[in-house]
Amino acid sequence: MNESILITGANAGLGKETARQLALKKETKKVILFCRNQVKAEAAKTDLEKQTGKQVFEIIIGDVSEENSVRKAVEQLKEPIDAVILNAGGVIGKTAAKITPSGMNVLAATNILGNVILVEELIKRDLLKKAVLSVSAEAVPGVKMLGMKPVAMKNSSVDEFAAVLDGSYFGDKFEAIQAYGYVKYALTMWTLLMARKYPHLKFVVMSPGNTGGTNAPDSLPPAMKFILQYLMMPIVFPLIGEMVHKLEVGARRFVDGVSDERYKSGVFYASKEGKLSGDVVDQSTFYTDLKNASFQDNADEAIHRFIKQA
């Protein structure tokens, strides 16, 4: 039972809908909206209060792509929280390959850097009591029907993971939509490492599946955004079946993953093999690299090459 939950990227899309659903749970006393923009955060808070009739929302401002911003944000927390949902991230689009001050590219920094620092700072300061949910994607094990190949690194070494995070792994042919799966793989493996490292906490990885009604298409190049928004999502996916679901369903995966005891620590849950919607299953049953503790350790070490020690 989680009384207080922090959600990164909570002012829109899945983050906002997850906040709404959590606020309606009778045990919830506080939902912290961790957002980059004060104006958008305030607007989301006002709308959520109107939708739920609850006055449980608080705001913390921080940019998950900037290390110092996240550390300063954590300093605003005055008491421990039960759970964290690491929702901030996405495909990013045109700026994905740009290198940030950390040395990671924007894609990796937004999906990994601040989320990792946030959790590790909370643990170091004894401010996290129960659970962490990391958001991953079916892009990691792949979806054959859509030509989406599984992440396939040569040996998942520290150097390989580091090359993914700075973008050099992809050479001159960097494509955000391809790199996204590899970045989510790195975050997933770090999360599974944390489940081993901190057995008293619950660390779950969950994909929201192919969720309609999010702002994800906004981060894509114009041509890809048009195809996804006006062809694939409304026409092709519904015809295929088990390929798309509503925003409420994607967010429900997060709510259940962080709260329900059926979802176990150290497991990556996502749609069944080859699907983008429907029931979730343990991805390691068919994507066996997830079980490799050495790969998990390597992802953790690579990520920390880019993180300054406070």
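Thresholds applied
- Residues numbered from 1 in each chain as written.
- Predicted model: local features only at pLDDT ≥ 70, side-chain atom pairs only at ≥ 80, totals over all residues.
- Heavy atoms only, no water.
- Axes fitted to C-alpha atoms, helices over the stretch in contact; angles between N-to-C directions.
- Helix = DSSP H or I, 4+ residues; strand = E, 2+ residues; numbered from the N terminus.
- Parallel < 35°, antiparallel > 145°, perpendicular 65-115°, else oblique.
- Left-handed = near helix turned anticlockwise from the far one by under 90°.
- Contact = heavy atoms within 4.5 Å.
- Nonpolar A, V, L, I, M, F, W, Y, C, P; charged D, E, K, R; others polar.
- 1 Å grid on protein atoms, 1.4 Å probe; cavity = no way out; pocket = protein on both sides within 12 Å on 5 of 7 lines; lining within 4 Å.
- Points joined across faces, edges and corners; volume = space filled by probe spheres on them.
- Pairing = 2+ DSSP bridges.
- Expected span 1.5 Å × (residues − 1).
- Bend = angle between axes of the 7 residues up to and from the residue.
- Buried < 20%, exposed > 50% of the residue type's maximum accessible area, 1.4 Å probe, protein only.
- Phe/Tyr/Trp six-rings, centres within 6.5 Å; stacked < 30°, edge-to-face > 60°.
- Right-handed = clockwise from strand over helix to strand, strands pointing away.
- Salt bridge = Lys/Arg side-chain N within 4 Å of Asp/Glu carboxyl O.

The name that an unreviewed UniProt entry assigns to the protein chain is SDR family NAD(P)-dependent oxidoreductase, with the source organism given as Mucilaginibacter celer.

Once that is clear, we can look at the packing of helix 5 (residues 158-166) against helix 6 (residues 176-197). Between helix 5 and helix 6, whose axes approach to 9 Å, the crossing angle comes to 125 degrees. In terms of axis orientation, helix 5 runs oblique to helix 6. Pair helix 5 / helix 6 crosses with left-handed handedness. Between helix 5 and helix 6, the contacting residues are Phe161, Val164 and Leu165 on the first element and Tyr182, Val183, Tyr185, Ala186 and Met189 on the second. The residue inventory of the contact of helix 5 with helix 6, partitioned by class, reads 8 nonpolar, no polar and no charged.

Here the focus is empty space enclosed by the protein. Applying the stated criterion to the full structure yields 1 cavity of 30 Å³ or more. Taken as a whole, the largest cavity holds about 30 Å³ of empty space. Taken together, Glu138, Pro141, Gly142, Val143, Ser271, Lys272, Glu273, Gly274, Lys275, Gln283 and Phe286 form the lining of the largest cavity. Class assignment for the residues of the lining of the largest cavity results in 3 nonpolar, 4 polar and 4 charged.

This part is about the sheet that holds strand 5 (residues 128-135). Judged by pairing direction, the sheet is mixed, and its 8 strands sit side by side in the order 3-2-1-4-5-6-7-8 without closing on themselves. Strands with a single pairing partner mark the edges of an open sheet, and in this sheet they are strand 3 (57-61) and strand 8 (280-282). Here the average twist between neighbouring strands, direction ignored, is 20 degrees. Pairing between strand 2 (residues 30-35) and strand 3: 5 bridges, direction parallel. Counterpart to Val31 in the pairing with strand 3 is Phe57.

Attention now moves to helix 4 (residues 106-124). Taking 1.5 Å of rise per residue, the 19 residues of helix 4 would be expected to cover 27 Å, and the 26 Å separating its terminal C-alpha atoms lies within 8% of that figure. A maximum bend of about 30 degrees is found in helix 4 at Ile112. Within helix 4, 17 of the 19 residues are buried, leaving the element largely enclosed by the surrounding structure. Positioned one or two residues after helix 4, Asp126 has a phi angle of 55 degrees, which is positive.

Once that is clear, we can look at the packing of aromatic side chains. Summed over all chains, the structure comprises 7 aromatic pairs. Plain terms: the ring middles of Tyr169 and Tyr182 are 5.4 Å apart, the flat faces sit at 40 degrees to each other, and that makes the pair tilted. Placement of the pair is Tyr169 in the loop between helix 5 and helix 6 and Tyr182 in helix 6, with a sequence separation of 13 residues. On the basis of relative accessible area, Tyr169 is assigned to the partly exposed category, the value being 27%. With centroids separated by 5.6 Å and ring planes inclined at 85 degrees, the aromatic side chains of Phe170 and Phe174 adopt a geometry described as edge-to-face. In textbook terms, an aromatic cluster arises when at least three aromatic residues are bridged by ring pairs, as seen for Tyr169, Phe170, Phe174 and Tyr182.

Here we take up the pairing of strand 2. Most of strand 2 sits inside the fold, with 6 of its 6 residues counted as buried. Of the two faces of strand 2, the one lined by Lys30, Ile32 and Phe34 and the one lined by Val31, Leu33 and Cys35 are each fully buried. Handedness of the crossover is the feature at issue here: the chain leaves strand 1 (residues 4-8), passes through helix 1 (residues 13-23), returns alongside strand 2, and the resulting connection is right-handed.

Below, the discussion takes up the pattern of salt bridges. Throughout the structure, instances matching the rule amount to 17 salt bridges. In this structure, Arg253 and Glu138 form a salt bridge, with 3.5 Å as the shortest nitrogen-oxygen distance. Of this pair, Arg253 sits in helix 8 (residues 247-259) while Glu138 sits in the loop between strand 5 and helix 5, placing them 115 residues apart in sequence. Each member of the pair, Arg253 as well as Glu138, is classed as buried. The shortest N-O distance in the salt bridge between Asp256 and Arg252 comes to 3.6 Å. In this pair, Asp256 and Arg252 both sit in helix 8, 4 residues apart, roughly one turn of the helix. Under the relative-accessibility criterion, Arg252 is labelled partly exposed at 35%. Salt bridges sharing common partners tie together Glu67, Arg71, Glu75, Glu121, Lys124 and Arg125.

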